[in-house]
Amino acid sequence: MNTELMITAVLIDDDKHLREGLKALLERYTNEINIIGEAESVKTGVETLEKLQPQVIFLDIHLSDGTGFDILEQLAKGKTKYSAYIIFITAHEQYALKAFKFSALDFILKPVDPEELQNAIAKIKEAVGKNNSYDHIDLLLENIRKKVDNFKRIALSTSDGIHLFEVSDIIRCEAKGNYTEFFIKNHKPLLISRTLKEYEELLTEHGFERIHQSHLINLSFLKSYIKSDGGYVIMADNTTIPIAQSKREKLQELIKAL
């Protein structure tokens, strides 16, 4: 085995059985992730990460002496910040799950599902080695500290790194198979490896509306609604977006309420 191609990882969870189970699953589904350390608390977690600086961290939210967020807070205050792909392991925390999604961080629900883990492994292989700054972790901590369900910024992970944007600057999103293309004010389009449905769930409460199977638009950038030719809208960037017949009535109601 060529160790130069190995991805280094640390497991932080206060449940030894879960750590053992996760290691067994990783060994079964990939030979490219090398577990170089383990920890079971905030204290030992911070010490292990500062010493080993792995490329990937499997991090439990609830630890015996605090939370996984406490570890990130301490690392953020440390002398050196380093980029790592973080996968949280959690049993619930619905608020936190949404914060992860807005911050381009992955999570695995307990009990660990092999299919979820394989999806996470695929993302790890794609992300490790890219220019992922610490900014997306700062965004997660910012959202967690606020404890309000109103995320103003979103981190989008592309093949060349992670990019942070104001939600209010997103003009529209378009489905491209299992990918989503983002059209953002004063920025080139970005292709993200997540489905439009996932972003619909995140952005609907921020003034976005799915007006077609392939299109999610920010109503703030809606310029014109044209009833002819089956119905379509013109956005602020002058793109023309079709409206599904089933969506016309609701869209008209939303426009009246603007």
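Check the entry above for the structure.
Residues numbered from 1 in each chain as written. Predicted model: local features only at pLDDT ≥ 70, side-chain atom pairs only at ≥ 80, totals over all residues. Heavy atoms only, no water.

Engineer: What am I meant to see in the layout of surface pockets here?
Structural biologist: Quantified by volume, the largest pocket comes out at close to 560 Å³. Around the largest pocket, the lining comprises 28 residues; the ones closest to its centre are Tyr85, Asp106, Lys123, Arg194 and Glu198. With 6 residues, helix α5 (residues 114-127) is the largest single contributor of residues to the lining of the largest pocket. By residue class, the composition of the lining of the largest pocket is 13 nonpolar, 7 polar and 8 charged. (1 Å grid on protein atoms, 1.4 Å probe; cavity = no way out; pocket = protein on both sides within 12 Å on 5 of 7 lines; lining within 4 Å. Points joined across faces, edges and corners; volume = space filled by probe spheres on them. Helix = DSSP H or I, 4+ residues; strand = E, 2+ residues; numbered from the N terminus. Nonpolar A, V, L, I, M, F, W, Y, C, P; charged D, E, K, R; others polar.)

Engineer: Teacher, can you tell me more about the sheet that holds strand β6 (residues 85-90) here?
Structural biologist: In sheet architecture, strand pairing relies on hydrogen bonds along the backbone and comes in two forms, parallel and antiparallel. One open sheet holds the 5 strands; their spatial order is β2-β1-β3-β6-β7, and the pairing between them is parallel. Since the sheet does not close on itself, it has two edges, and those belong to β2 (33-39) and β7 (106-109), each with one partner. Here the average twist between neighbouring strands, direction ignored, is 20 degrees. Both β6 and β7 contribute to a ladder of 4 bridges, which runs parallel. Each residue of the ladder has a partner; that of isoleucine 87, found in β7, is aspartate 106. Where helix α1 (residues 16-29) meets the sheet, it contacts β1 (7-12), β2, β3 (56-60) and β6, and its direction lies at approximately 175 degrees from that of β2. (Pairing = 2+ DSSP bridges. Axes fitted to C-alpha atoms, helices over the stretch in contact; angles between N-to-C directions. Contact = heavy atoms within 4.5 Å.)

Engineer: What is the right way to read the side chain of aspartate 13 from this model?
Structural biologist: With respect to the secondary-structure elements, aspartate 13 resides in the loop between β1 and α1. In contact with aspartate 13, other than residues within four places in its own chain, are Leu18, Arg19, Ala39, Glu40, Asp60, Leu63, Ile89 and Lys110.

Engineer: Teacher, can you tell me more about the nonpolar core here?
Structural biologist: Residues Phe88, Phe100, Phe182 and Leu203 are the most contacted members of the largest nonpolar core, which totals 48 residues. Counting residues per element, this core draws most heavily on helix α4 (residues 94-102), which supplies 6 residues. Beyond its immediate stretch of four places on either side in the chain, leucine 203 contacts Phe102, Val167, Cys173, Phe182, Phe208 and Leu216. Ile33, Val56, Ile87 and Ile124 belong to the second largest nonpolar core, which has 21 residues in total. (Core = buried A, V, L, I, M, F, W, Y, C linked by side-chain atoms within 4.5 Å. Buried < 20%, exposed > 50% of the residue type's maximum accessible area, 1.4 Å probe, protein only.)

Engineer: Explain empty space enclosed by the protein to me, please; I cannot follow it from the model alone.
Structural biologist: The probe, sized like a water molecule, is rolled over the atoms to show the empty space still left. Counting across every chain of the model gives 2 cavities of 30 Å³ or more. Lining the second largest cavity are Ile57, Leu72, Leu75, Tyr82, Ala84, Ile86, Tyr134 and Ile137.

Engineer: Teacher, can you tell me more about the sheet that holds strand β10 (residues 170-176) here?
Structural biologist: Read across the open sheet, the 5 strands follow the order β12-β11-β10-β14-β13; overall the sheet is antiparallel. Two strands close off the open sheet at either side, each with one partner strand: β12 (190-192) and β13 (208-212). Ignoring strand direction, the axes of neighbouring strands in this sheet form an average angle of 25 degrees. In the sheet, strand β11 (residues 179-184) pairs with β12 via 3 bridges, with the strands oriented antiparallel.

Engineer: Please explain a negative patch on the surface as it appears in this structure.
Structural biologist: There is a patch of like negative charges on the surface, built from Asp14, Asp15, Glu40, Asp65 and Asp70. By relative accessible area, aspartate 70 is classed as partly exposed at 31%. (Patch = residues over 30% accessible without salt bridge, like charges linked within 9 Å, V, L, I, M, F, W, Y side chains within 5 Å. Areas by Shrake-Rupley, 256 points an atom, 1.4 Å probe, with all protein chains shown as cover. Salt bridge = Lys/Arg side-chain N within 4 Å of Asp/Glu carboxyl O. Lys, Arg positive; Asp, Glu negative; His and termini not counted. Charge placed at Lys NZ, Arg CZ, Asp CG, Glu CD.)

Engineer: How do you make sense of the packing of α4 against helix α7 (residues 196-203) when you look at a structure like this?
Structural biologist: Working note: a packed helix pair is described by the angle between its axes plus the distance between those axes. Packing of α4 against α7 brings their axes to within 11 Å, and their N-to-C directions diverge by 120 degrees. Judged by the inter-axis angle, α4 sits oblique to α7. As α4 packs across α7, the resulting crossing turns out to be left-handed. Across the interface between the two elements, Lys98, Lys101 and Phe102 from α4 touch Glu201, Leu202 and Leu203 from α7. Split into classes, the residues belonging to the contact of α4 with α7 amount to 3 nonpolar, no polar and 3 charged. (Parallel < 35°, antiparallel > 145°, perpendicular 65-115°, else oblique. Left-handed = near helix turned anticlockwise from the far one by under 90°.)

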